[in-house]
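Fold and geometry: a report
Each chain, letter by letter, is given below.
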Amino acid sequence: MDFPLADLMDEAACYARLVAVLHPDGLACPRCGAADRLGVHRRHRDPVVDYQCGRRRRVFDAWTGTALQGTQRRPAQIVLILRGIAQGVPTAQLARELGCDRMHLLDLRHRLQEHARIGRDRNPLDDARAEADEAYVNAGEKRHPARRPRRPAAAAG
């Protein structure tokens with residue numbers, strides 16, 4: 001995923017982006033799946049809205065039922081965390097940059113990585129079969145070249 005830095009400062013844009021990623025088919029009640037009778041329950045964490053299901057009267061937000069459930073972070077901070085994880089930034093560095101606790105951030109990182117592992121594509125290749133040269137493109141490039149003797153092979157004996 002690409003995270004444009006210009007949009008990171010706008011909380012509403014970050015929230016809209018996260019909702020679109022977490023709920024591609026639209027926001028719905030996590031218990032009954034109803035999307036048509038949602039009402040706004042509270043707006044005390046603007047732009048994060050608490051919704052109430054019209055059928056079950058259950059209150060939830062966009063993070064409920066996702067890996068972000070229970071997260072008390074602002075949408076822009078969540079996007080920065082996701083961006084840092086996707087770029088492979090160490091947790092300690094990310095915690096320093098965001099001014100948060102490293103252990104809480106590490107717990108969130110592990111939850112997100114576990115959800116990504118569960119949802120990953122199990123068959124990433126286009127074909128049912130792959131040739132060995134497709135799988136080992138850079139197999140021998142990491143080691144040093146083999147040592148060559150200075151003497152000719154006939155004199156080495």
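Look up a bit, the structure's there.
Anyway, here's the lowdown on the structure attached to this text. Nothing here was measured: the structure is a model prediction, and the numbers come from that model.

Analysis parameters
Residues numbered from 1 in each chain as written. Predicted model: local features only at pLDDT ≥ 70, side-chain atom pairs only at ≥ 80, totals over all residues. Heavy atoms only, no water. Helix = DSSP H or I, 4+ residues; strand = E, 2+ residues; numbered from the N terminus. Buried < 20%, exposed > 50% of the residue type's maximum accessible area, 1.4 Å probe, protein only. Contact = heavy atoms within 4.5 Å. Areas by Shrake-Rupley, 256 points an atom, 1.4 Å probe, with all protein chains shown as cover. Pairing = 2+ DSSP bridges. Phe/Tyr/Trp six-rings, centres within 6.5 Å; stacked < 30°, edge-to-face > 60°. Salt bridge = Lys/Arg side-chain N within 4 Å of Asp/Glu carboxyl O. Axes fitted to C-alpha atoms, helices over the stretch in contact; angles between N-to-C directions. Parallel < 35°, antiparallel > 145°, perpendicular 65-115°, else oblique. Left-handed = near helix turned anticlockwise from the far one by under 90°. Nonpolar A, V, L, I, M, F, W, Y, C, P; charged D, E, K, R; others polar. Polar contact = N/O pair within 3.5 Å; in protein donor to acceptor, adjacent residues only side chain to side chain.

**Here we look at the overall build of the chain**
In terms of regular secondary structure, the chain is built from five helices and three strands. N-terminal to C-terminal, the α/β element order of the chain is α-β-β-β-α-α-α-α. Residue burial in the chain is summarised as follows: out of 157 residues, 29% are buried. Look at the contacts in the chain between residues 6 or more apart in sequence, and 48% of them connect residues 24 or more apart. Accessible area of the chain: about 11,700 Å², with a carbon and sulfur share of 49%.

**A word on the pairing of strand 1 (residues 38-45)**
Pairing between strand 1 and strand 2 (residues 48-53): five bridges, direction antiparallel. Paired with Val40 across the strands is Tyr51, a residue of strand 2.

**Some thoughts on the packing of aromatic side chains**
Per the stated rule, a full pass over the model turns up two aromatic pairs. Aromatic side chains Tyr15 and Trp63 sit 5.8 Å apart centroid to centroid with 70° between the ring planes, which places their arrangement in the edge-to-face category. Of this pair, Tyr15 sits in helix 1 (residues 11-22) while Trp63 is found in the loop between strand 3 (59-60) and helix 2 (75-87), placing the two residues 48 residues apart along the sequence. Taken as a pair, Tyr15 and Trp63 share a single burial class, namely buried. Ring plane angle 35° and centroid distance 6.1 Å describe the contact between Tyr51 and Phe60, whose orientation is recorded as tilted.

**Examining the pattern of salt bridges**
In total, this model carries three salt bridges according to the counting rule given. A salt bridge links Asp107 to Arg111, with the nearest nitrogen and oxygen atoms 3.8 Å apart. Of this pair, Asp107 and Arg111 both sit in helix 4 (residues 102-119), four residues apart, roughly one helical turn. Taking the relative accessible area as the measure of exposure, Arg111 reaches 29% and is therefore partly exposed. A salt bridge links Arg117 to Glu114, with the shortest nitrogen-to-oxygen separation between them at 2.6 Å. Of the two residues, Arg117 and Glu114 both sit in helix 4, three residues apart, roughly one turn of that helix. Classification of Arg117 as partly exposed rests on a relative accessible area of 41%.

**Remarks on the packing of helix 1 against helix 2**
Here helix 1 crosses helix 2 at 60°, and the two axes come no closer than 8 Å. Here helix 1 lies oblique to helix 2, going by the angle between them. In this structure, helix 1 crosses over helix 2, and the sense of that crossing is left-handed. Residues Glu11, Cys14, Tyr15 and Leu18 of helix 1 pack against Pro75, Ala76, Ile78, Val79 and Leu82 of helix 2. Within the contact of helix 1 with helix 2, the residues separate by chemical class into eight nonpolar, no polar and one charged.

**Details of the side chain of Thr64**
Within the element layout of this structure, Thr64 appears in the loop between strand 3 and helix 2. Polar contacts involving the side chain of Thr64 include one to the side chain of Asp61, which spans 3.0 Å. Ignoring any residue separated from it by four or fewer positions in sequence, one finds Thr64 in contact with Pro30, Arg58 and Gln69.

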